[in-house]
Amino acid sequence: MPTVTLTPHNFDAVIARHPIVLVDWWADWCGWCTRFAPVYESSAERHPDVVHGMVDAVAEEAMKVKAQITAFPTLMAYREGLLVYNESGYLEPEALDELVQNIKWLDMEKLRREVAQQMDAPQFPANAPAPTAPGPGSRQAGLAATASRYGWPGL
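If you're wondering where the values come from, they're calculated on a predicted model, not measured in any experiment. (Residues numbered from 1 in each chain as written. Predicted model: local features only at pLDDT ≥ 70, side-chain atom pairs only at ≥ 80, totals over all residues. Heavy atoms only, no water.)

K.L.:
Any chance you could explain the pattern of salt bridges here in plain terms?
P.N.:
A side chain with one charge may pair with a side chain of the opposite charge, provided their charged atoms come close. The tally for this structure, following the rule as stated, stands at five salt bridges. Residues Asp49 and Lys104 are paired through a salt bridge, measuring 3.1 Å at the closest nitrogen-oxygen approach. With Asp49 in the loop between helix H2 (31-46) and strand E3 (51-56) and Lys104 in helix H4 (residues 93-105), this pair connects stretches of sequence that are 55 residues apart. On the accessibility criterion, Lys104 (24% relative accessible area) is partly exposed. The network of salt bridges with common partners includes Arg79, Glu80 and Arg112. (Salt bridge = Lys/Arg side-chain N within 4 Å of Asp/Glu carboxyl O. Helix = DSSP H or I, 4+ residues; strand = E, 2+ residues; numbered from the N terminus. Buried < 20%, exposed > 50% of the residue type's maximum accessible area, 1.4 Å probe, protein only.)

And the structure:
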């Protein structure tokens, strides 16, 4: 499946309509983005069940600001509408394949319970130490908190 250009007009619909969506935030002046583009396009061919979206952050400045993108390339991953990965930087093909596989293996029921628990947690006073586990609004919600526990299914 070829990559899909994401804009303000289709972003939410693509995320809602597909079980797994990767989003590559790129800029034409970014050298690492041009190096990552063929890796990303190759991943789209190897994983036709995963939508590989791309956002031109220069052309879609408002989207970039809303998503709090500060570095390029930035890769986001959504599973069943939930943001489960959000990191900047170049990925080698093997690392991208491993990420895609880990997203496919996520225990979504468990993740939804964890997110619900974190949303129901009491608010901490301003002088209290911050919780150490990432919350649903963190840069790495979901996968980052569980990536070390995922390997082959059933392990």
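K.L.:
I keep staring at the pairing of strand E5 (residues 82-88) and nothing clicks. Help me out?
P.N.:
Within a regular beta strand, the side chains point alternately toward one face of the sheet and then the other, so they alternate between its two faces. Both strand E4 (residues 74-79) and E5 contribute to a ladder of six bridges, which runs antiparallel. For Tyr78, the partnering residue across the bridge sits in E5 and is Leu83. (Pairing = 2+ DSSP bridges.)

K.L.:
What should I look at first to understand the sheet that holds strand E2 (residues 20-26) in this one?
P.N.:
Strand pairing in a sheet relies on backbone hydrogen bonds. The paired strands run either parallel or antiparallel. Taken in spatial order, the five strands make up an open sheet running E1-E3-E2-E4-E5, and their pairing is mixed. Edge positions in the sheet fall to strand E1 (4-5) and E5, since each of these pairs with one other strand and no more. Strand direction decides the pairing type here: E2 and E4, joined by six bridges, are antiparallel. Each residue of the ladder has a partner; that of Asp24, found in E4, is Leu75. The strands touched by H4 within the sheet are E2, E4 and E5, with E4 carrying the most contacts at an inclination of about 25 degrees. (Contact = heavy atoms within 4.5 Å. Axes fitted to C-alpha atoms, helices over the stretch in contact; angles between N-to-C directions.)

K.L.:
How should the packing of aromatic side chains be read in this particular structure?
P.N.:
Here the distance between the centres and the angle between the planes together describe a pair of aromatic rings. Considering all chains together, one arrives at six aromatic pairs under this definition. Each ring, one from Trp32 and one from Tyr90, has its centre 5.4 Å from the other, and the planes form 45 degrees; the classification is tilted. Here the residue Trp32 occupies a position in helix H2, and Tyr90 occupies one in the loop between E5 and H4, the gap between them amounting to 58 residues. Centroid distance Phe36 to Tyr40: 5.6 Å. Interplanar angle 40 degrees. Geometry classified as tilted. One end of the pair is Phe36 and the other is Tyr40, both in helix H2 and four residues apart, which spans about a single turn. As far as burial versus exposure is concerned, Phe36 and Tyr40 are alike and both buried. Every member of this aromatic cluster is reached through a ring pair, and the members are Trp32, Phe36, Tyr40 and Tyr90. The cationic tip of Arg35 hangs over the ring face of Trp32; the distance from NZ or CZ to the ring centre is 4.7 Å. (Phe/Tyr/Trp six-rings, centres within 6.5 Å; stacked < 30°, edge-to-face > 60°. Lys NZ or Arg CZ within 6 Å of the ring centre and 35° of its normal.)

Geometry only, nothing functional implied.
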